[in-house]
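Next come the chains, spelled out residue by residue.
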Amino acid sequence: MARSGLAAAARVAHWADTALSPGRGGTHSDGQGTLSDATAERAAGDLGLTVAQVRADWDTARLAGLVEVHGDSARPGWRLRAWDRDDSAVLRGWVALFDAWSLAHPEPDHLEHGAVADVVSALPQVLSFLQLSAGPVPVEQLLDLLEQRVTELRTERCEIAYGPQPEPVVAPASTPAAVEDTLLAPLLDWALHALTSVGALTCGDGQATLTPLGSWAVWVKLEQICVAAQSPAGNIEQAAEDMLRGCAQLRPNAARDEYRAWLAARPVGSAVTELLGAARGDDALLRGLAFEALRVVGAPAEPDVHAVVDEPTLRPYALLWLAEHDGVDPEDAHEVLTREEATWLWVDTAAAVADHGEAPMLVRHLESALQPTVPALLTEVRAVGHPRTVQVLVALAAAHPDPALAKAVRRAAFQVHTGGS
């Protein structure tokens with residue numbers, strides 16, 4: 001269902017990838033994410049669509065992450081690259097569209113903005129009720145539920161004027177509800193139509209029903225809320241650095257569960273900023289763990305990871321993250337690094353092991369080096385200028401059981417320390 005629902009958007013995105021790639025003489029978006037008139041007309045002619053259809057499909061492609069706008073141009077998103085081989089990428093694209101339902105079908109201009117915001121905030125509870133009902137629900141019943149939730153939201157905000165209040169005017173018992181219904185009915189109608197337009201609902205005969213895809217999406221959201229409420233290791237309220245330290249001793253799967261819970265409890269943008277801040281610190285272990293957590297974030301972290309590629313401390317980690325994000329097999333991702341970058345990363349990882357691991361782990365770390373011999377490794381390690389080189393070499397010399405090799409490593413540490421060759 002997700003693949004068929006996004007097929008038209010994928011078609012336009014594939015067209016743009018082919019027709020507008022550099023060197024093909026195409027035009028790009030207007031820098032705001034919308035197609036220029038010339039490009040939209042060209043796409044309509046090539047695809048046999050109207051300009052309005054092209055623009056609608058392009059907007060859907062953007063919301064689903066099939067195309068991404070960077071600066072003054074648009075480029076294919078990772079979900080489009082993985083479209084034919086990865087069903088999970090298609091599902092993620094649809095969930096992104098589902099999350100953006102209010103953008104996919106904007107509210108009419110005459111609706112009051114504050115009321116629209118209240119309805120958007122209240123809709124998750126309405127959708128949860130639909131999911132639990134597992135069948136058609138009368139729109140009137142949904143309107144009652146929406147009214148209750150909006151009232152709760154406004155009460156929580158204490159939207160009561162300060163100062164002396166005028167005497168209440170006695171009105172017929174039915175008036176308040178009637179006024180509220182009058183205000184919320186068109187908003188609910190808009191919301192239901194918007195969710196129908198993205199494939200989450202079907203509406204008819206005064207009833208609304210979640211589609212199987214919509215029911216699955218709501219279930220996923222409820223599961224995320226439960227995960228956030230039950231942080232496996234209790235780090236959900238910690239700052240990024242403390243959360244990562246708390247995950248250092250966990251097994252990979254348990255750590256990923258903790259990352260998901262931590263991420264679910266805060267806005268993506270601020271979470272990514274926190275993680276990158278932790279990665280910039282002196283603790284190499286936290287640097288590696290921060291990028292593991294960013295792998296859980298996925299596509300929303302891409303612009304921020306791109307932005308740190310020129311920071312020497314983060315560059316190798318960022319390049320590996322971006323390569324894996326673009327679909328490169330994790331086992332082959334290291335090929336995107338230069339020899340110098342790979343050696344720098346080897347030293348940084350060794351620093352993490354020296355600070356937090358055991359001596360045998362540091363000895364085994366030698367096996368992961370690209371260099372075929374220890375002398376070649378030491379030569380290149382001295383050249384990369386990692387700030388922890390001396391400490392790493394001293395720790396390795398102390399841990400290695402081979403006296404001759406340990407002596408060579410100590411000599412290399414001394415040469416780095418004194419600036420000799």
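Worth saying up front: this structure is predicted, and the values here are computed from it rather than measured. (Residues numbered from 1 in each chain as written. Predicted model: local features only at pLDDT ≥ 70, side-chain atom pairs only at ≥ 80, totals over all residues. Heavy atoms only, no water.)

1. Describing the layout of surface pockets
Stage number 1. Looking at the second largest pocket, its volume works out to about 1000 Å³.
Stage number 2. Taken together, 36 residues form the lining of the second largest pocket, with Gly288, Glu292, Tyr317, Leu345 and Thr349 sitting closest to its centre.
Stage number 3. Secondary-structure elements contributing two or more residues to the lining of the second largest pocket are α13 (252-264), α15 (284-297), α17 (315-325), α18 (339-356) and α19 (359-365). (1 Å grid on protein atoms, 1.4 Å probe; cavity = no way out; pocket = protein on both sides within 12 Å on 5 of 7 lines; lining within 4 Å. Points joined across faces, edges and corners; volume = space filled by probe spheres on them. Helix = DSSP H or I, 4+ residues; strand = E, 2+ residues; numbered from the N terminus.)

2. Some remarks on the confidence of the model for the chain
Stage number 1. Per-residue pLDDT for the chain has a mean of 81; in total, 86% of the residues score no lower than 70.
Stage number 2. Strand β1 (residues 67-70) is the least confidently modelled element of the chain, averaging 70 in pLDDT, while α15 averages 93, the highest of any element.
Stage number 3. Contacts for the low-pLDDT stretch residues 23-31, under 50 throughout, to residues beyond four places or in other chains number 24 contacts.
Stage number 4. The low-confidence segment residues 160-165, where pLDDT is below 50, has 0 contacts with residues more than four positions distant or belonging to other chains. (pLDDT = per-residue confidence, 0-100. Contact = heavy atoms within 4.5 Å.)

3. Quick notes on the nonpolar core
Stage number 1. Counting 62 residues, the largest nonpolar core has Leu66, Trp94, Leu123 and Leu146 as the members making the most contacts within it.
Stage number 2. Excluding residues that lie within four positions of it along the chain, Leu123 makes contacts with Trp101, Leu146, Ala191 and Leu195.
Stage number 3. Ranked by size, the runner-up nonpolar core spans 60 residues in total, among them Tyr259, Ala290, Val381 and Val392. (Core = buried A, V, L, I, M, F, W, Y, C linked by side-chain atoms within 4.5 Å. Buried < 20%, exposed > 50% of the residue type's maximum accessible area, 1.4 Å probe, protein only.)

4. Notes on the packing of aromatic side chains
Stage number 1. The full count for this structure, using the stated rule, is 3 aromatic pairs.
Stage number 2. Ring centres 5.6 Å apart and planes at 25 degrees place the aromatic pair Phe291 and Tyr317 in the stacked group. Of this pair, Phe291 sits in helix α15 while Tyr317 sits in helix α17; the two residues are 26 residues apart in sequence, bridging distant segments of the chain. Taken as a pair, Phe291 and Tyr317 share a single burial class, namely buried.
Stage number 3. The ring of Trp83 has Arg3 lying over it, and the distance from NZ or CZ to the ring centre is 5.2 Å. (Phe/Tyr/Trp six-rings, centres within 6.5 Å; stacked < 30°, edge-to-face > 60°. Lys NZ or Arg CZ within 6 Å of the ring centre and 35° of its normal.)

5. Regarding the sheet that holds strand β5 (residues 207-210)
Stage number 1. In spatial order, the strands read β3-β5-β4; together these 3 strands make up an open sheet with antiparallel pairing. Each edge of the open sheet is held by one strand with a lone partner, namely β3 (137-138) and β4 (201-204).
Stage number 2. Pairing analysis gives 4 bridges linking β4 to β5, with the strands arranged antiparallel. Residue Cys203 lies in a different strand from β5, and its bridge partner there is Ala208.
Stage number 3. Packing of helix α8 (residues 113-133) onto the sheet brings it into contact with β3, β4 and β5, and relative to β5 it is tilted by some 80 degrees. (Pairing = 2+ DSSP bridges. Axes fitted to C-alpha atoms, helices over the stretch in contact; angles between N-to-C directions.)

6. Section: the environment of Asp326
Stage number 1. Tracing the chain through its elements places Asp326 in the loop between α17 and α18.
Stage number 2. Once the C-alpha coordinates of Asp326 and Gly77 are considered, the two residues, 249 residues apart in sequence, prove to be 8.8 Å apart.
Stage number 3. Look past the residues within four positions of Asp326 in its chain and what remains in contact with it is Arg85 and Glu302.

7. Some words on a negative patch on the surface
Stage number 1. On the surface, Asp329, Glu331, Asp332 and Glu335 cluster together into a negatively charged patch.
Stage number 2. Relative to the elements of secondary structure, Asp329 occurs in the loop between α17 and α18. (Patch = residues over 30% accessible without salt bridge, like charges linked within 9 Å, V, L, I, M, F, W, Y side chains within 5 Å. Areas by Shrake-Rupley, 256 points an atom, 1.4 Å probe, with all protein chains shown as cover. Salt bridge = Lys/Arg side-chain N within 4 Å of Asp/Glu carboxyl O. Lys, Arg positive; Asp, Glu negative; His and termini not counted. Charge placed at Lys NZ, Arg CZ, Asp CG, Glu CD.)

8. Some thoughts on α15
Stage number 1. The end-to-end C-alpha distance of α15, which contains 14 residues, comes to 20 Å, matching closely the 20 Å that a straight helix rising 1.5 Å per residue would cover.
Stage number 2. Within α15 the residues assigned to the buried category are Ala284, Leu286, Arg287, Leu289, Ala290, Phe291, Ala293, Leu294 and Val297.
Stage number 3. Buried residues along α15 sit in contact with α12 (240-247), α13, α14 (268-279), α16 (302-307), α17 and α18.
Stage number 4. Where α15 starts, the residue carrying a side-chain oxygen 2.9 Å from the main-chain nitrogen of Leu285 turns out to be Asp283. (Expected span 1.5 Å × (residues − 1). Polar contact = N/O pair within 3.5 Å; in protein donor to acceptor, adjacent residues only side chain to side chain.)

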